[in-house]
Amino acid sequence: MTGLRRETVSAGFDAGAFAYDRLVGANPGYHEHLRLSARRMRLPDGGRGLRLLDAGCGTGASTAALLAVAPHATITAIDGSGEMLARARAKPWPASVRFVHTPVEELAAAGVRGPFDGILAAYLIRNVPDPDTVLRQLHELLWPGGTLAVHEYSVRDSWAARAVWQAVCLGVIIPAGRLATGDASLYRYLHASVDRFDGAARFRRRLGAAGFTGVHSETVPGWQRGIVHTFLASRSPRELA
């Protein structure tokens, strides 16, 4: 049993927030892979004049990745976990970065409105109850021609990736999570949610069905090759017509 359902994931992240940075910091490549996904968005001129959305910012690692590649952009970072967001807000940020506590499904009610020039969604879509609705929502939040980058685990298309993921979860991630927090529920959920999530080909089709164009994906280097992917997609510039 995972101990968590999708509907209670935010509460799980609230409970584990105090140890989250320490645990992901021990993951080789975690921060560099987020920066790689942000670079793959190909944001021009350091993001000068651009509005960006970090959807599911957690403790701010993905926000820092966006800021590193687009230091001149205005960045709105949102998350449904209040405790994770509190950890993010406690870090030093320029005035161009703001944090909003809201589930991604309730952005408008929280005063977060598009259009955005780019959206980064790291480890988000796998955790929402209705991914198709959220993807359509993100599509509508983009300017025509804007880019969505989904940074996410996906192992279903590769037996080798599934085997590595299984071994790392059972041998490292779940025991380390239990040791650091006293409760492995969040990390058992992580293991199971990745097992259940779309293969890369299926998720690319899901993006296309949500209205995105130019859909493609690239994996990351290191031990997470074939496990973590950057899914890239755009809102068609023809929608300006």
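Residues numbered from 1 in each chain as written. Predicted model: local features only at pLDDT ≥ 70, side-chain atom pairs only at ≥ 80, totals over all residues. Heavy atoms only, no water.

Caption draft 1: Region of the structure containing helix H3 (residues 61–69). Most of H3 sits inside the fold, with 7 of its 9 residues counted as buried. For H3, the full list of buried residues reads Ala61, Ser62, Thr63, Ala65, Leu66, Leu67 and Val69. Buried residues along H3 sit against helix H2 (30–40), strand E1 (51–55), strand E2 (74–79), strand E3 (97–101) and strand E4 (116–122). (Buried < 20%, exposed > 50% of the residue type's maximum accessible area, 1.4 Å probe, protein only. Helix = DSSP H or I, 4+ residues; strand = E, 2+ residues; numbered from the N terminus. Contact = heavy atoms within 4.5 Å.)

Caption draft 2: Spotlight on the sheet that holds strand E7 (residues 228–234). Taken in spatial order, the 7 strands of this open sheet run E3-E2-E1-E4-E5-E7-E6, and their pairing is mixed. Two strands lie at the open edges of the sheet, namely E3 and strand E6 (213–219), each paired on one side alone. Each neighbouring strand pair of the sheet contributes to a mean axis angle of 15 degrees, computed without reference to strand direction. Inspection of the sheet shows E1 paired to E4 by 3 bridges, in the parallel sense. Its bridge partner being in E4, Leu52 is matched across the sheet by Gly118. This element, H2, spans E4, strand E5 (142–153), E6 and E7 of the sheet and lies at about 155 degrees to E5. (Pairing = 2+ DSSP bridges. Axes fitted to C-alpha atoms, helices over the stretch in contact; angles between N-to-C directions.)

Caption draft 3: Spotlight on the pairing of E5. In terms of burial, E5 is largely enclosed, as 10 of its 12 residues are buried. The pairing of E4 with E5 spans 6 bridges and is parallel. Looking at the pairing, Ala122 lines up with His151 of E5. Handedness of the β-α-β unit built from E4, helix H5 (residues 131–141) and E5 comes out right-handed. Alignment of E5 against E7, held across 7 bridges, turns out to be antiparallel. When the bridges of E7 are listed, Glu152 appears paired with His229. (Right-handed = clockwise from strand over helix to strand, strands pointing away.)

Caption draft 4: Looking closely at the pattern of salt bridges. Inspection of the entire model under this criterion finds 8 salt bridges. Across the salt bridge formed by Arg40 and Glu218, the nearest N and O atoms sit 3.3 Å from each other. Of the two residues, Arg40 is situated in helix H2 and Glu218 in strand E6; the sequence distance between them amounts to 178 residues. A residue is classified by how much of its surface remains accessible, and Arg40, at 16% relative accessible area, is buried. Take Glu218: its relative accessible area is 33%, and that puts it in the partly exposed class. Its salt-bridge partner being Asp198, residue Arg206 comes within 2.6 Å of it at the nearest N-O pair. Of the two residues examined, Arg206 and Asp198, each falls in the buried class. A single salt-bridge network, built from bridges that share partners, covers Glu32, Arg35 and Arg39. (Salt bridge = Lys/Arg side-chain N within 4 Å of Asp/Glu carboxyl O.)

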